[in-house]
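Understanding the architecture of this molecule
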Amino acid sequence: MSTADRLGLDWPAVESVGVPGRTRTAALVAVAALLGSTLQVLYFFIDVVGLPSRFLAVVAASLVAATVLARLLTPRSAVALGGVLLLVGLWWYVQQLSGSPRIGELLTDTLSLLTGNTLLRITNIRAWVLGVTPAPTFLTWYFAMRRRYALAVAAAGGTLGFLVLTGDADLLTTLSGVVAAVASLGFGDFDRRGEPIVDAETILVTAALMVVVPSLVSVVPATAGLSLNVDGTGSETVEASLLQSGDQLSVQGSISLSPEVRFTVTSSEPRYWRIGSFDRYTGDGWVSQTNSRAYGGGRLDEPPGPTRIVEQRFRAETDAGVMPAAWKPIQSRGNPATRVDGDGGLATGAPIREGDSYRVTSAVPAATPAQLNDTTRAYPQQIEETYTQLPASTPDRVGERTDRLTREARTPYETALTIENWLENNREYSLDVRRPDGNVADAFLFEMSAGYCTYYATTMATMLRTQDIPARMAVGYTSGERVAEDRWVVRGQNAHAWVEVYFEEYGWVRFDPTPASDRESARDRNVESARQRDRPSVDTNESGGPEWSPTPTATPQPLTPVDNATDAGGTPLGPQTRPGVNPEDSISTATRVGEARTEIADATTDRPGPAGSLPSRREAALGLLAIAGTVIGVRRSDLGRRVYRSVWLYYQPRSTPERDTERAFQRLVYYLGREHDRPRRPDETVRAYLDAVDADERAREVASIRERARYAGTVDEAAADRAVSLVDEIVRSRGTAK
């Protein structure tokens, strides 16, 4: 007995004697396809999770171990080893968690995944992926080495199926993995039966159908019925896309505004009424990885650095599932269901009913531009790891363009201002946009000329992250319509997205790259249109007239107080105002005095180009597979010949009378054979065949014209026209060919 027999191993590389070359080829193709299926899962982790290089080292070690141990371990031992690897990986993941209880967090994460929540929501996603990856990778490759293709596909497919159930695997990833798995099983079966690989056309046809059919199926999204979701016409609103997204926010295409009143706010000053933030960028949207906790009623932590206290009272003018507040809230009163998000914002554990009110005390960051400009890049490790993450699908050109735009910026603050100003000045505000394919930030930089707040905020946060500056996307409402000295009416159309940037010693500071004047103009037009249509819930008793101002003759004050501080080189850092932006809205309105409000250097080369981009490697591979499989399928099904015959039967181009007569006769015989399921036999005369199918006088006249042309040697054009006309009449009068 050979060594391979004793080990139960029949891999041809181990015992190649007597193994036909065609079988070995099928085995190699099956293993290659299986590897492709495994790579779809690994690609997801690298692309979306943005894992470091050590992830590749873990994968490589798992593949090497599986290759070596395939010669030494029995399948049962390998499965046991895979289980041990999984347990060790989960134990290692628990050790990486900060705080306690660690086991509780593991159980919470597991339950979250089993109930369909996204994988990206779990605590410390990178550690989780590094911990669980070795086990399925090892088992998949181990069984591939032993030519146990079904078990190998089960290991790889189980992991891919897990990602599908959590909603993380997109259609392309899922389709690529499934096609590779089918190919592995198909070629593995050819390997097992010893059949030549050239006979595997059926596998290619099946795989092609799996690619083509989904692309032909359109999915019609369900229309939400809540008023918060629609603007009265059935289209989704900015408010719904931002504030009802839960833990996942997907960037939308064209969208509308909702003019309905949501809150009346009494406050000592106008602010952005923040609701939450998203920390992980996936390329086509955002995910929040934070978990909320119950609010005990005490005082919450204040942000670092100088602050000022802002008191607010919110009255709900409709039922609401969110709890806006100025950043950073430190105390809340009046809502017993108040919760505290992981980012420090407020949330509600139960709906806030119309007429209910609550109070919030916020410690608003008050660092000056000079103070922010004096910060360095000394970020806490957790902040840096979480808020500089980018998916591997982010093209290099995003970072390269940001490098060029910010090459004169010396500090993180100047970098943020430069990006904010460039986006505001070089993109137009529009709610009517086409949702781009691929990475949203890349598309907005290179392929789009307009967008709304989600596009601006996503792009700015991404650009900052390419410079290793922590940034996140925040959502909530802008201050709203001012109806009294200390009161504002907040509508659904005030829903907004902006960027928060982290600064050493000062924490999170708001930046807003969306053009304020264009945004407010669109909202004003929307409200006025709703009023003209007598739409309900657009105004309160206080709104509907001119926006409140202190006195009609008061001398307008500068929108932003002058800051005479200078940087280390003596350059003034005083803020410069922007049209339509209140000083209270964002400290980020400051720019260096004297800085031109025009396109930044290199901007002439940074205008959006024409839409469209080359397909990715996976898209190209699937496309080639679909083409190859379709061609083979058409050839094997005789579809091409059938289509040609149908065209040939119903359409006859004209030539010489002799050729026209002969072709008309051949069309007639072909049609009669299909119509009566009785083709003409090679040794059968024309007259006998026409008698056999009981042909009518028209068919017999065509045969007579053809007989004169063939045996008399001549036929005039009138006779040829008569033959063609008769055949056309026969074909069209008796229905289509079978």
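Right above here is the structure, for reference.
Bear in mind that the values here come from a model prediction, so they are computed numbers and not experimental data. (Residues numbered from 1 in each chain as written. Predicted model: local features only at pLDDT ≥ 70, side-chain atom pairs only at ≥ 80, totals over all residues. Heavy atoms only, no water.)

**Focus: the nonpolar core**
- Counting residues in each nonpolar core, the largest one holds 79 residues, and the members touching the most others are Phe 263, Leu 464 and Phe 511.
- Ranked by the residues each element gives to this core, the list is headed by helix α17 (residues 453–466), at eight residues.
- Residues Leu 668, Ala 695, Val 715 and Leu 726 belong to the second largest nonpolar core, which totals 26 residues. (Core = buried A, V, L, I, M, F, W, Y, C linked by side-chain atoms within 4.5 Å. Buried < 20%, exposed > 50% of the residue type's maximum accessible area, 1.4 Å probe, protein only. Helix = DSSP H or I, 4+ residues; strand = E, 2+ residues; numbered from the N terminus.)

**A few points about the pairing of strand β3 (residues 273–278)**
- Of all six residues in β3, six are buried, a share of seventy percent or more.
- By the bridge criterion, two bridges tie β3 to strand β8 (residues 325–326) in an arrangement that is antiparallel. Residue Trp 273 lies in a different strand from β8, and its bridge partner there is Ala 326.
- Where β3 meets strand β15 (residues 471–477), five bridges bridge the pair, whose relative direction is antiparallel. Bridged to Trp 273 within β15 is Tyr 477. (Pairing = 2+ DSSP bridges.)

**Here's the deal with unusual backbone geometry**
- Between Trp 327 and the following residue, Lys 328, the backbone shows a cis peptide bond with an omega angle of 10°.
- Structurally, Lys 328 can be placed in the loop between β8 and β9 (329–333).
- Here the phi dihedral of Glu 505 falls at roughly 75°; this positive angle occurs in a residue that is not glycine.
- Along the polypeptide, Glu 505 turns up in the loop between β18 (495–503) and β19 (507–511).
- At Asp 677, a position not held by glycine, the phi torsion is positive, near 50°.
- Tracing the backbone through its elements, the reader meets Asp 677 in the loop between α21 (657–675) and α22 (686–692).
- With a relative accessible area of 66%, Asp 677 lands in the exposed category.

**A word on the pattern of salt bridges**
- On inspection of all chains with the given rule, the structure shows 27 salt bridges.
- Here Glu 481 and Arg 491 are joined by a salt bridge, their closest N and O atoms 2.9 Å apart. Of this pair, Glu 481 sits in strand β16 (residues 481–484) while Arg 491 sits in strand β17 (residues 487–491), and the two are 10 residues apart along the sequence.
- Classification of Glu 481 by relative accessible area gives buried; the value is 12%.
- A relative accessible area of 3% means that Arg 491 is categorised as buried. (Salt bridge = Lys/Arg side-chain N within 4 Å of Asp/Glu carboxyl O.)

**Focus on the sheet that holds strand β4 (residues 280–281)**
- Taken in spatial order, the three strands of this open sheet run β1-β5-β4, and their pairing is antiparallel. Each edge of the open sheet is held by one strand with a lone partner, namely β1 (248–250) and β4.
- Pairing of β1 with strand β5 (residues 285–287) involves three bridges; the strand directions are antiparallel. Note that in β5 the partner of Leu 249 across the bridge is Trp 286.

**Things to note about a nonpolar patch on the surface**
- A contiguous nonpolar patch, built from Val 64, Val 68 and Leu 72 and spanning about 290 Å² of accessible area, is present on the exposed surface.
- With respect to the helices and strands, Leu 72 occurs in the loop between α3 (53–69) and α4 (75–96).
- The exposed category is assigned to Leu 72, whose relative accessible area is 58%. (Patch = residues over 30% accessible without salt bridge, like charges linked within 9 Å, V, L, I, M, F, W, Y side chains within 5 Å. Areas by Shrake-Rupley, 256 points an atom, 1.4 Å probe, with all protein chains shown as cover.)

**Here's the deal with the sheet that holds strand β2 (residues 261–267)**
- Pairing in this open sheet of six strands is antiparallel, and the strands run β9-β12-β7-β2-β17-β16 from one edge to the other. A strand with exactly one partner marks an edge of an open sheet, and here the two such strands are β9 and β16. Taken pair by pair, the neighbouring strands of this sheet meet at an average axis angle of 25°, ignoring direction.
- As defined by bridge partners, β2 adjoins β17 across five bridges and the pair is classed as antiparallel. Bridged to Phe 263 within β17 is Val 490. (Axes fitted to C-alpha atoms, helices over the stretch in contact; angles between N-to-C directions.)

**Concerning the packing of α21 against helix α23 (residues 697–711)**
- Viewed as axis vectors pointing N to C, α21 and α23 meet at an angle of 140°, and their least axial separation amounts to 9 Å. In terms of orientation, α21 and α23 fall into the oblique class. At the point where α21 passes α23, the crossing takes the left-handed sense. Within the contact between the two elements, α21 uses Thr 661, Glu 662, Phe 665, Gln 666 and Leu 668 and α23 uses Ala 699, Val 702, Ala 703, Ile 705, Arg 706 and Ala 709. (Parallel < 35°, antiparallel > 145°, perpendicular 65-115°, else oblique. Left-handed = near helix turned anticlockwise from the far one by under 90°. Contact = heavy atoms within 4.5 Å.)

**Here's the deal with the packing of aromatic side chains**
- All chains considered together, the criterion is met by 18 aromatic pairs.
- Centre to centre, the rings of Phe 138 and Tyr 142 are 6.1 Å apart; their planes meet at 25°, and the pair counts as stacked. Remark: Tyr 142 and Phe 138 occur in helix α7 (residues 134–145); sequence separation between them is four residues, near one turn of the helix. Of the two residues examined, Phe 138 and Tyr 142, each falls in the buried class.
- One aromatic cluster in this structure is built from Phe 263, Trp 273, Phe 314, Tyr 358 and Tyr 477.
- For Arg 472, the ring lying beneath its charged end belongs to Trp 508, and the centroid distance is 3.9 Å. (Phe/Tyr/Trp six-rings, centres within 6.5 Å; stacked < 30°, edge-to-face > 60°. Lys NZ or Arg CZ within 6 Å of the ring centre and 35° of its normal.)

**With respect to the side chain of Glu 269**
- Relative to the helices and strands, Glu 269 is located in the loop between β2 and β3.
- A polar contact of 3.5 Å, which involves the side chain of Glu 269, links it to the side chain of Arg 271.
- In terms of polar contacts, Glu 269 uses its side chain to reach the side chain of Arg 308, at 2.9 Å. (Polar contact = N/O pair within 3.5 Å; in protein donor to acceptor, adjacent residues only side chain to side chain.)

**A look at helix α15 (residues 412–426)**
- When the terminal C-alpha atoms of α15 are compared, their 21 Å separation across 15 residues agrees well with the 21 Å that a helix rising 1.5 Å per residue should span.
- Taken across its 15 residues, α15 has 14 buried, putting it largely inside the fold. (Expected span 1.5 Å × (residues − 1).)

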